[in-house]
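So the chains spell out like this:
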Amino acid sequence: MPRLAHHLTQQKVDIELTTLIGVVADCCADIAALLRHGPMSGILGLAGAENIQGEDQKKLDVISNDMLKEALEKSGLVKGIASEEEDNCVGCSPDGKFLVLFDPLDGSSNIDINSLVGTIFSIYAAPDKTDIGDDDFLRPGNEQVAAGYVLYGPSVMMALTTGQGTQFYMLEQSKGEFLLFDDNVQIPKDTKEFAINASNQRHWAEPMQAYIADLLKGETGPRDKNFNMRWVAAMVGDVHRVLSRGGIFTYPWDKKNPNKAGKLRLMYEANPMGFLVEQAGGKAFTDAIRILDVEPDNIHQRVPVILGSANEVDVCLGYHA
Ligand code: AHG
Ligand code: MN
Ligand code: MN
């Protein structure tokens, strides 16, 4: 199985981008090592603060954020970073070629129950200027040069795209290296599986209510087939399932909190996952347009997310038309 750097070189990925992806991968291998020791490494529980989005930070949110920030700052390749756990962007190396955005720890509510969590990242070419601010990060997902996630599961895996399809790597624990094991991830066009937090049902808009109601009717309803439901409560886990065997994942717009157009963050979650899903032959939409075409207006903005098997996403969008 080819090593990560070797495979990226074969794909003729820019040498500095290859190095940068390696820096992220190594840092995630370190986070994985901490997670493996669970309660023994003192990483569980609350950090005692809230992030800018008003969410309680877990110790591991803060630890993984600091680890990534330090690794990226030290690399010399990154002009600035933006993170779910930072109020504003952080400037790094003035002549760095890249901007990196990340959700250092996705699925925080799973940490204390020893369940799936991951790290999601998104990379852009940096603008040609020395002083950067939040506005320099406000570019649509279709400008990403790479995106991926590392899933800290029973085995540690990375999904990665540099715009040449989506690949899966797995961490070979003894060497601390990511090895390629699927160089062309393909999401089946059709599916019988969906993922949604159904406890929010009463808050959804009418089209999503109607779509899910029809899925639940199974073979006695208009879809003529029975569906199964899965919910990991970590986008990284749900999207990994979709990339691995198909499905539709949605965190729709809801009226639970009128200030939030859905729960998931455009820049740290929806864009990188949208890039991975499209490169694997799937679709990734808000309820109106491609996620990757959304023009961001705030680094922490939230968007509705509907992604996965192409034909099923089309059916869902049909209810919104
Ligand atoms: P985070 O842990 O980075 O705040 O993200 C959690 C997100 C996402 O991973 C997941 O799909 C969703 O929140 C789960 O939300 P519910 O609490 O509605 O299950
Ligand atoms: Mn998240
Ligand atoms: Mn997070």
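**Description of the overall build of the chain**
Turning to step 1, where the next piece is worked out: Of the regular secondary structure elements, the chain holds seven helices and 15 strands.
Turning to step 2, where the next piece is worked out: For a compact globule of 321 residues, the expected C-alpha radius of gyration is about 20 Å, and the chain comes in at 19 Å, within 12% of that figure.
Turning to step 3, where the next piece is worked out: Its C-alpha atoms give the chain principal-axis dimensions of about 60 × 45 × 45 Å.
Turning to step 4, where the next piece is worked out: Counting only contacts in the chain whose residues sit at least 6 apart along the sequence, the fraction spanning at least 24 positions is 64%.
Turning to step 5, where the next piece is worked out: Element-wise, carbon and sulfur atoms account for 50% of the exposed surface of the chain, whose accessible area totals about 13300 Å².

**Considerations on the coordination of the manganese ion (ligand 3)**
Turning to step 1, where the next piece is worked out: Summarising the metal site, the manganese ion (ligand 3) is bound by the protein donors Glu84 (OE), Asp103 (OD) and Leu105 (O), whose distances to it range over 2.2 to 2.3 Å.
Turning to step 2, where the next piece is worked out: Look at where the donors of the manganese ion (ligand 3) fall in the sequence and you get E-x18-D-x1-L.
Turning to step 3, where the next piece is worked out: Separating the manganese ion (ligand 3) from the manganese ion (ligand 2) is a distance of 3.7 Å, and Asp103 supplies a donor atom to each of them. In terms of burial, Asp103 and Leu105 fall into one category: buried.

**Re the sheet that holds strand S14 (residues 283–285)**
Turning to step 1, where the next piece is worked out: Spatial strand order, S12-S11-S13-S15-S14: five strands in an open sheet with mixed pairing. The open sheet is flanked by strand S12 (228–229) and S14, the only strands paired with a single partner.
Turning to step 2, where the next piece is worked out: The pairing of S14 with strand S15 (residues 305–308) spans three bridges and is antiparallel. Looking at the pairing, Lys283 lines up with Gly308 of S15.
Turning to step 3, where the next piece is worked out: Sitting on the sheet, helix H7 (residues 310–320) touches strand S13 (248–251), S14 and S15, and the angle it makes with S15 is about 150 degrees.

**Things to note about the coordination of the manganese ion (ligand 2)**
Turning to step 1, where the next piece is worked out: In the first shell of the manganese ion (ligand 2), the protein supplies Asp103 (OD), Asp106 (OD) and Glu269 (OE), at 1.8 to 2.1 Å from the metal.
Turning to step 2, where the next piece is worked out: Ordering the donors of the manganese ion (ligand 2) by residue number gives the pattern D-x2-D-x162-E.
Turning to step 3, where the next piece is worked out: The exposure class assigned to Glu269 is buried, which follows from its relative accessible area of 1%.

**Regarding the domain arrangement of the chain**
Turning to step 1, where the next piece is worked out: What the domain assignment reports for the chain is domain 1 (4–182) and domain 2 (193–320).
Turning to step 2, where the next piece is worked out: One C-alpha centre belongs to domain 1, the other to domain 2; they are set 23 Å apart.
Turning to step 3, where the next piece is worked out: On the domain 2 side, the residues contacting the 49 residues of domain 1 number 32 residues.
Turning to step 4, where the next piece is worked out: For the pair domain 1 and domain 2, the summed buried surface comes to about 2900 Å²; carbon and sulfur atoms form 64% of the total.
Turning to step 5, where the next piece is worked out: Per-residue buried area on domain 1 facing domain 2 is highest for Gln53, Leu138 and Tyr149; these three make up 19% of the total on that side.
Turning to step 6, where the next piece is worked out: Across the contact surface, domain 1 and domain 2 share one salt bridge.
Turning to step 7, where the next piece is worked out: Across the salt bridge formed by Arg265 and Glu84, the nearest N and O atoms sit 3.6 Å from each other.
Turning to step 8, where the next piece is worked out: Our count for the domain 1 to domain 2 interface comes out at twelve residue pairs in polar contact (both at pLDDT 80 or more).

**Some thoughts on the pattern of salt bridges**
Turning to step 1, where the next piece is worked out: Taken as a whole, this structure holds 17 salt bridges when the rule is applied.
Turning to step 2, where the next piece is worked out: Notably, a salt bridge pairs Lys97 with Asp14, separated by 3.2 Å at the nearest N-O pair. Residue Lys97 is located in the loop between strand S4 (90–91) and strand S5 (98–106), and its partner Asp14 is located in the loop between helix H1 (4–10) and helix H2 (15–36); the two are separated by 83 residues in the primary sequence.
Turning to step 3, where the next piece is worked out: Classification of Asp14 by relative accessible area gives partly exposed; the value is 33%.
Turning to step 4, where the next piece is worked out: Linking Glu16 and Lys97 is a salt bridge whose minimum nitrogen-to-oxygen distance equals 2.8 Å. Of this pair, Glu16 sits in helix H2 while Lys97 sits in the loop between S4 and S5, placing them 81 residues apart in sequence.
Turning to step 5, where the next piece is worked out: The partly exposed category is assigned to Glu16, whose relative accessible area is 31%.
Turning to step 6, where the next piece is worked out: Taking the relative accessible area as the measure of exposure, Lys97 reaches 35% and is therefore partly exposed.

**Overview of the packing of helix H5 (residues 235–245) against helix H6 (residues 266–279)**
Turning to step 1, where the next piece is worked out: Interaxial distance between H5 and H6 falls to 11 Å at its minimum, and their mutual angle equals 10 degrees. Relative to H6, H5 is oriented roughly parallel. Facing Met235, Val236, Val239 and Leu243 of H5, the residues of H6 in contact are Glu269, Ala270, Met273, Leu276 and Val277.

**Regarding the layout of surface pockets**
Turning to step 1, where the next piece is worked out: In this model, the largest pocket occupies a volume close to 510 Å³.
Turning to step 2, where the next piece is worked out: If you go around the largest pocket, you meet 28 residues; those closest to its centre are Gly107, Ser108, Ser109, Lys263 and Arg265.
Turning to step 3, where the next piece is worked out: Across the lining of the largest pocket, the residue classes break down as nine nonpolar, six polar and 13 charged.
Turning to step 4, where the next piece is worked out: Counting only domains with at least three residues in the lining of the largest pocket, you end up with domain 1 (4–182) and domain 2 (193–320).
Turning to step 5, where the next piece is worked out: The calculated volume of the second largest pocket comes to roughly 360 Å³.
Turning to step 6, where the next piece is worked out: Taken together, 19 residues make up the lining of the second largest pocket; nearest its centre are Leu35, Arg36, Asn114, Tyr152 and Gly153.
Turning to step 7, where the next piece is worked out: Broken down by element, the lining of the second largest pocket gets its largest block of residues, three residues, from H2.
Turning to step 8, where the next piece is worked out: When grouped by side-chain class, the residues that make up the lining of the second largest pocket number eleven nonpolar, six polar and two charged.

What counts, and at which threshold
- Per chain, the residues get numbers from 1 upward, laid out in the order the sequence is written.
- Going through the entries in the order they are written, you letter the chains from A and number the ligands from 1.
- Under the rules for a predicted model, residues below a pLDDT of 70 receive no local features and side-chain atom pairs below 80 are neither given nor counted, while totals for whole chains, interfaces and linings still include all residues.
- Side-chain measures were taken over the full set of non-hydrogen atoms in the model, leaving aside hydrogen atoms and water.
- In this text, helices come from DSSP runs of H or I with a minimum length of four residues, and strands from runs of E with a minimum of two, each type numbered from the N-terminal end.
- C-alpha atoms define the radius of gyration in this analysis, and the globule rule sets the expected value at 2.2 Å times the number of residues to the power 0.38.
- The contact criterion used is simple: two residues touch if any of their non-hydrogen atoms lie within 4.5 Å.
- The Shrake-Rupley method, run with a 1.4 Å probe sphere, supplies the accessible areas, and residue values consider only the shown protein chains as cover.
- Distances decide who is a donor: an N, O or S atom must be within 2.8 Å of the metal, or within 3.2 Å for Na, K and Ca. Water is not included, so sites may look incomplete.
- Residue burial is assigned from relative accessible area. The probe radius is 1.4 Å, only protein chains are included, and a residue is buried under 20% of its type maximum, exposed over 50%, and partly exposed in between.
- The rule for pairing is simple: two strands pair if DSSP sees at least two bridges between them.
- Every axis in this analysis is a line fitted to C-alpha atoms, fitted for helices over the stretch in contact. Angles between the N-to-C directions lie between 0 and 180 degrees.
- Each domain's limits were defined by an automated method or a database of domain assignments.
- Summed over both partners, the accessible area lost on bringing two parts together, with a 1.4 Å probe, is the buried area.
- A pair is scored as a salt bridge if a Lys or Arg side-chain nitrogen falls within 4 Å of a carboxyl oxygen belonging to Asp or Glu.
- Throughout this description, a polar contact denotes any pair of N or O atoms lying within 3.5 Å of each other; where both atoms belong to protein, one of them has to be capable of donating a hydrogen while the other can accept it, and for residues adjacent in sequence the pair is counted only when both atoms sit in side chains.
- Orientation is classified from the angle alone, with under 35 degrees giving roughly parallel, over 145 giving roughly antiparallel, 65 to 115 giving roughly perpendicular, and any other angle giving oblique.
- Here a cavity is any set of points on a 1 Å grid over the protein atoms alone where a 1.4 Å probe fits but cannot get out, and a pocket is any open set with protein on both sides within 12 Å along at least 5 of 7 lines; a residue lines the site when it has an atom within 4 Å of a point.
- Grid points are joined across faces, edges and corners, and a volume is the space filled by probe spheres set on the points.
- Each residue gets one label: Ala, Val, Leu, Ile, Met, Phe, Trp, Tyr, Cys and Pro are nonpolar, Asp, Glu, Lys and Arg are charged, and the others, such as Gly, are polar.

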